Amino acid sequence: DMPAVEVLARVDVICVDKTGTLTEPGMSVQRVVALDEAVDVDAVLGALGASEPDPNPTLAAVAAVYPATPGWTVESTVPFLSARKWSAATFAGHGSCVMGAPEMLLPDGHEVRSRADDLAGVGARVLLLARSDGTPDADAGPGGLAPAALVVISQTLRGDAADTVSYFLDQDVRIVVISGDNAVTVGAIAAEAGIPGADSPRDARDLPEDREELAAALDDSSVFGRVTPAQKRAMVGALQSRGHVVAMTGDGVN
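Caption draft 1: Geometry of the packing of helix α8 (residues 211–220) against helix α9 (residues 229–241). Two elements in contact, α8 and α9, have axes separated by 8 Å at closest approach and are oriented at 85 degrees. When the axes of α8 and α9 are compared, the pair comes out roughly perpendicular. Across the interface between the two elements, R211, L214, A215 and L218 of α8 pack against A234, M235, G237, A238, L239 and S241 of α9. Looking at side-chain class alone, the contact of α8 with α9 contains seven nonpolar, two polar and one charged residues.

Here you go:
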């Protein structure tokens, strides 16, 4: 489209999301790694997949493999939000289940997080499935968690992603990846696409809030994971504060 061409002619930095931008649309469950033999993981995943009338892409991928579990009646849910990065459901007579980013649900140093990072290193999205000892609440949190499984969601690099990245780099347009996914996962996909700096992805939870300090961090790194929607906006503003003309494509446009 001509308006897009006119805008891109002035851009020297383009910020891209990962899922559905660098990768193909859609997701699929690649494998499930059970962590607690006492939990019927198939039943829990089937119940979670059917817990939302309008499931997000992750729950839709789960529901495509695990059919709804009979006898699991939903009492309450906590929907997924990008800022929270987990969702939950409470079932009558079966307790509460939580699914989300391992690093958002488990403390630093937890052995399950190390296993999740190993799986994420090949570019997969890895989610923790856990049982909660309470009723998860959007404000109060998920409660005490007992890991039950790691759910590995496969994502495939778009066929034209590497060529598109190469084109922008040839035009002296810098590419910055800002994604809500695990930084290790984002780095692996960015490396496949040939994006400079992919070997040193940064977790955005450690980024400063001060605009000048944030701009300096963006000078040093090009691939970021666990970025919140508010941070995406702040990062574009920080780049602009250094005189860059910035484009954004992908989920960050929202």
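Alright, that's what it looks like, and here's the rest.
Caption draft 2: Looking closely at the sheet that holds strand β1 (residues 13–16). Overall, parallel pairing links the five strands, which are arranged β9-β10-β8-β1-β11 in an open sheet. The sheet is open, and its two borders are formed by β9 (202–203) and β11 (246–249), each paired with just one other strand. Bridge count for β1 against β11 is four bridges, and the pairing is parallel. Bridge pairing links C15 to M248 in β11.

Caption draft 3: Representation of the packing of aromatic side chains within the structure. Within this structure, the stated rule accounts for two aromatic pairs. Seen from their ring centres, W72 and F91 are 5.2 Å apart, and the 70 degrees between their planes marks the pair as edge-to-face. Placement of the pair is W72 in the loop between α3 (57–65) and β3 (74–78) and F91 in strand β4 (residues 86–91), with a sequence separation of 19 residues. Taken individually, W72 and F91 each receive the classification buried, so the pair is uniform in this respect. Residues Y167 and F168 carry aromatic rings whose centres are separated by 5.9 Å and whose planes lie at 65 degrees to one another, so their mutual orientation is edge-to-face. On the basis of relative accessibility, which here comes to 15%, the residue F168 falls in the buried class. Taking the ring centre of W86 as reference, the NZ or CZ of R84 above it sits at 5.3 Å.

Caption draft 4: Expanded view of unusual backbone geometry. Phi angles above zero are rare outside glycine, and D172 is one such case at about 60 degrees. Structurally, the position occupied by D172 is in the loop between α6 (161–170) and β8 (174–178). Within the chain, R226 stands out as a residue other than glycine whose phi angle is a positive 55 degrees. Residue class for R226 comes out buried when judged on its relative accessible area of 7%.

Caption draft 5: View of helix α7 (residues 183–193). Counted residue by residue, α7 has eight buried out of 11 residues, so it is predominantly covered. Taken together, the buried positions of α7 are occupied by A183, T185, V186, G187, A188, I189, A190 and A193. Its buried side turned inward, α7 meets α5 (111–120), β6 (125–132), α6, β8, β9 and β10 (223–225). With a side-chain oxygen positioned 2.7 Å from the backbone nitrogen of V184, the residue opening α7 is N182. Directly after α7, the chain includes G194, whose backbone phi takes a positive value near 85 degrees.

Criteria and cut-off values
- Residues numbered from 1 in each chain as written.
- Predicted model: local features only at pLDDT ≥ 70, side-chain atom pairs only at ≥ 80, totals over all residues.
- Heavy atoms only, no water.
- Axes fitted to C-alpha atoms, helices over the stretch in contact; angles between N-to-C directions.
- Helix = DSSP H or I, 4+ residues; strand = E, 2+ residues; numbered from the N terminus.
- Parallel < 35°, antiparallel > 145°, perpendicular 65-115°, else oblique.
- Contact = heavy atoms within 4.5 Å.
- Nonpolar A, V, L, I, M, F, W, Y, C, P; charged D, E, K, R; others polar.
- Pairing = 2+ DSSP bridges.
- Phe/Tyr/Trp six-rings, centres within 6.5 Å; stacked < 30°, edge-to-face > 60°.
- Buried < 20%, exposed > 50% of the residue type's maximum accessible area, 1.4 Å probe, protein only.
- Lys NZ or Arg CZ within 6 Å of the ring centre and 35° of its normal.
- Polar contact = N/O pair within 3.5 Å; in protein donor to acceptor, adjacent residues only side chain to side chain.

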